[in-house]
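# Tertiary structure, described
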Amino acid sequence: GRPGRGWGGGVSGASGAGRGPGEGGGALPRLDDVPLLAAGDGSERDASERRAAVEAPGRVHVVGALPGAGQALAAADVVVMPSRTEGMPGVLIEAGLSGLPAVATAVGGVPRIVRDGETGVLVPPGDVEALRDGVERALARAGELETLVRSEIATLERAYSDNEIRIRSLVD
């Protein structure tokens, strides 16, 4: 990871059916030198822990639910969300606000948050090779992607400020 960060990737989210670290499947053993932090809780947590212990012993640390994503995000170089189903995942919004690129499956509202090649990497759900390649690409470009994400934040802040000024002028 970059200075001050110790985790290559953070796999985050609730771990229910179709969601969570277990959806990364066979990508774990293929990411040999990447330490992973799996945060989130749900019905699949035990299965995720067992799978991680077999496929990537000592590299994947399943920590369960965290009171906030701040600590995990501060330690990560990239956020990984390999879900088969999602709504509008808050952890990806938090990652973006933290300047972190994300690797996520293109399901639900995810493509509205992660723009492929700009603020992260989108992969098809269930495609283990694409997920592994996406994580490797994001890690290789983490600094560049972080700059793009921070630029996007600045653009959104300006747009919000401009809209707020317009609204106030209409109200006043």
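The structure contained in this document is the topic of the report that follows. Here, residues in each chain are numbered from 1, in the same order as that chain's written sequence. In keeping with the model being predicted, local features are shown solely for residues with a pLDDT of at least 70 and side-chain atom pairs are shown and tallied solely at 80 or more, while totals for entire chains, interfaces and linings include all residues. For the side-chain quantities, the full set of heavy atoms in the structure was used; hydrogens and water were omitted.

### Regarding helix H4 (residues 90–97)
Taken as a whole, H4 has its buried residues at Val-91, Leu-92, Ala-95 and Gly-96. For H4, the buried positions fall inside an angular range of 140° around the axis, keeping them on one side. Downstream of H4 by a residue or two, Gly-99 has a phi angle that is positive, lying close to 85°. Think of it in three bands: residues with accessible area under 20% of the maximum for their type are buried, residues over 50% are exposed, and the middle band is partly exposed, with areas taken using a 1.4 Å probe on protein chains only. For the purposes of this entry, the term helix denotes a DSSP run of H or I that reaches at least four residues, the term strand denotes a run of E that reaches at least two, and both are numbered from the N terminus. Along the arc lie the directions from the helix axis toward the C-beta atoms.

### So, the pattern of salt bridges
When a carboxyl oxygen of Asp or Glu is within 4 Å of a side-chain nitrogen of Lys or Arg, the pair counts as a salt bridge. Counted under the stated rule, the structure contains four salt bridges. What you see here is one network of salt bridges that share partners, running through Glu-129, Arg-132, Asp-133 and Glu-136.

### A word on the pairing of strand E3 (residues 60–64)
When DSSP finds at least two bridges between two strands, those strands are taken to pair. Pairing between strand E2 (residues 36–39) and E3: four bridges, direction parallel. By the bridge assignment for E3, Ala-39 is matched with Gly-64. A right-handed crossover is one whose linking path, passing over the helix from the first strand to the second, runs clockwise when the strands point away from the viewer. Once the chain exits E2 it traverses helix H2 (residues 45–55) before rejoining the sheet at E3, and the crossover so formed is right-handed.

### A word on the nonpolar core
Each nonpolar core is a collection of buried residues, namely Ala, Val, Leu, Ile, Met, Phe, Trp, Tyr and Cys, held together in the definition by side-chain atoms within 4.5 Å. Counting residues in hydrophobic clusters, the biggest one holds 16 residues, and the most contacted among them are Leu-73, Val-79, Leu-92, Leu-100, Val-110 and Val-114. Of all the secondary-structure elements, those providing two or more residues to this core are strand E4 (76–81), H4, strand E5 (102–105) and helix H5 (110–113). Setting aside residues no more than four positions away along its own chain, Val-110 makes contact with Glu-86, Gly-87, Pro-89, Leu-92, Ala-104, Thr-105 and Leu-122. Val-78, Val-121, Val-135 and Leu-145 belong to the second largest nonpolar core, which has 10 residues in total. Contacts are assigned to residue pairs that have any heavy atoms within 4.5 Å of one another.

### Side note on the side chain of Thr-105
By secondary structure assignment, the location of Thr-105 is in strand E5. The buried category is assigned to Thr-105, whose relative accessible area is 3%. Here a polar contact means two N or O atoms within 3.5 Å. Within protein one must be a hydrogen donor candidate and the other an acceptor candidate, and residues neighboring in sequence count only if both atoms are side-chain atoms. Engagement of the side chain of Thr-105 in a polar contact is seen with the backbone oxygen of Ser-83, the distance being 2.3 Å. Aside from chain neighbours lying at most four places away, what touches Thr-105 is Met-81, Pro-82, Ser-83, Val-110, Leu-122, Val-123, Pro-124 and Pro-125.

### Observations concerning the pairing of E4
Extensive coverage of E4 is indicated by the burial of six of its six residues. Judged from the three bridges that link them, E4 and E5 form a sheet pairing that is parallel. For Val-80, the partnering residue across the bridge sits in E5 and is Val-103. The parallel pair E4 and E5, bridged by H4, forms a crossover whose chirality is right-handed.

### Details of a nonpolar patch on the surface
Patches in this entry comprise residues that are over 30% relatively accessible and not in a salt bridge; like charges within 9 Å are linked, as are nonpolar side chains (Val, Leu, Ile, Met, Phe, Trp, Tyr) within 5 Å. In these tables, accessible area is a Shrake-Rupley quantity obtained with a 1.4 Å probe, and a residue counts as shielded only by the protein chains included in the view. On the surface, Met-88, Ile-93 and Leu-97 cluster together into a nonpolar patch covering about 290 Å² of accessible area. By the secondary structure assignment, Ile-93 is in helix H4.

Function-wise, these values are silent; they only describe arrangement.
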